[in-house]
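The primary structure of each chain is shown beneath.
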Amino acid sequence: METEEKDIVTVDEIREAVAAIKAERPAYTELLDFFEKLFLAQEGAKGRVQLEPIQISEELLLIKRKESLPLINRGDFAIDIKASETLIREICRLAMVTNELLAEASNKLAEALDRGMLEVALFSKILSEDETDLEKAAQELKIDKKILAFFVYSSIRPSLCLCAEQLATYLDNDGPWKRGYCPICGSPPALSILRDDGERSLVCSFCGHEWHAQRIFCPFCENKDYKTLHYFFSEEEKGYRVDVCDACKKYLKTVDTTGMKHPIY
Ligand SMILES: [Zn+2]
Ligand SMILES: [Zn+2]
């Protein structure tokens, strides 16, 4: 799909886009600074990640395509543990100067890393939807579970994205993907994007893969009845809206990039 188009995010583009939001919403400066540095660190980490390509046999691929199944499960992603460990230390350094909550957690985490108390296995264990290991680690390190998950997930994200890019070569891209989940890993979308050309794409909440989707369609229950699909937006921020489905009551954030110079999502 439009992977090539999507993946060309340069460091300058990230900086420019963040500067544009800071100008519009100065109240978010502190967190934006953190996320800008985090994105840049993740982009930088991609250059260090080394992964063996995931192979899918022709036979299996035929079944996946016929049944519209995702290519892999979350647990099947390949993770570069060494690159993730380097990145989590970098994220700790960035978080230490952001706000009290993040500083406290990152101090504890950095200390645990120095003492070898954070099992590196957690990097791959977080792939599974079973949170037992994460809960155990959070208790041992006395760090909020959500914050710990955020740090660990952020540090494996470059591996996930690179894996998803490699796997995307297996997708057949004849028209929009008809299912609501990510064609690579089966996770739900985190975001919907509308483009100038009237096309809609969805972005995976887990691997970051972006796929071409039907325009009138709820990805959570696959409802296609326009009468039960609505959206809300605020007058000040017309480019950002929330799509709501009456059938399943779920909602999805949408960015309409039409006419936006620096769409942010
Ligand atoms: Zn995915
Ligand atoms: Zn729905």
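Residues numbered from 1 in each chain as written. Chains lettered and ligands numbered in written order. Predicted model: local features only at pLDDT ≥ 70, side-chain atom pairs only at ≥ 80, totals over all residues.

1. Some remarks on the packing of helix α3 (residues 29-46) against helix α9 (residues 145-167)
α9 packs onto α3 with a crossing angle of 50 degrees between their chain directions and a minimal axis gap of 9 Å. Here α3 is positioned oblique relative to α9, judged by the angle of their axes. Judged by the sense of rotation from one axis to the other, the crossing of α3 with α9 is right-handed. Here α3 contributes L38, Q42, A45 and K46 to the contact with α9, which in turn contributes S154, R157, P158 and L162. (Axes fitted to C-alpha atoms, helices over the stretch in contact; angles between N-to-C directions. Helix = DSSP H or I, 4+ residues; strand = E, 2+ residues; numbered from the N terminus. Parallel < 35°, antiparallel > 145°, perpendicular 65-115°, else oblique. Left-handed = near helix turned anticlockwise from the far one by under 90°. Contact = placed C-beta atoms within 7 Å.)

2. Focus: the pairing of strand β3 (residues 210-213)
Sheet faces and side chains relate simply in a regular strand, where the side chains alternate between the two faces. Here 4 bridges tie strand β2 (residues 200-204) to β3, and the two strands are oriented antiparallel to one another. Residue pairing in the sheet places S201 in a bridge with H212 of β3. What sits between β2 and β3 in their antiparallel hairpin is a turn of 5 residues, with G208 showing a positive phi close to 80 degrees. (Pairing = 2+ DSSP bridges.)

3. Let's talk about the domain arrangement of the protein chain
According to the domain assignment, the protein chain contains domain 1 (3-170) and domain 2 (189-256). Taking the mean C-alpha position of each, domain 1 and domain 2 sit 24 Å from one another. Contacts between domain 1 and domain 2 engage 7 residues on the former and 5 residues on the latter. Here the side of domain 1 that touches domain 2 takes 4 residues from α9, the largest share from any one element. When the residues that make up the side of domain 1 that touches domain 2 are grouped by side-chain class, the tally is 5 nonpolar, no polar and 2 charged. (Domains from an automatic or database assignment. Nonpolar A, V, L, I, M, F, W, Y, C, P; charged D, E, K, R; others polar.)

4. A few points about the pairing of β2
Among the 5 residues of β2, 4 are classified as buried, and the element is accordingly described as predominantly covered. Counting the residues between successive antiparallel strands, the hairpin from strand β1 (residues 189-194) to β2 contains 5 residues, one of them, G198, with a positive phi of roughly 85 degrees. (Buried ≥ 20, exposed ≤ 12 C-beta atoms within 10 Å, placed from the backbone.)

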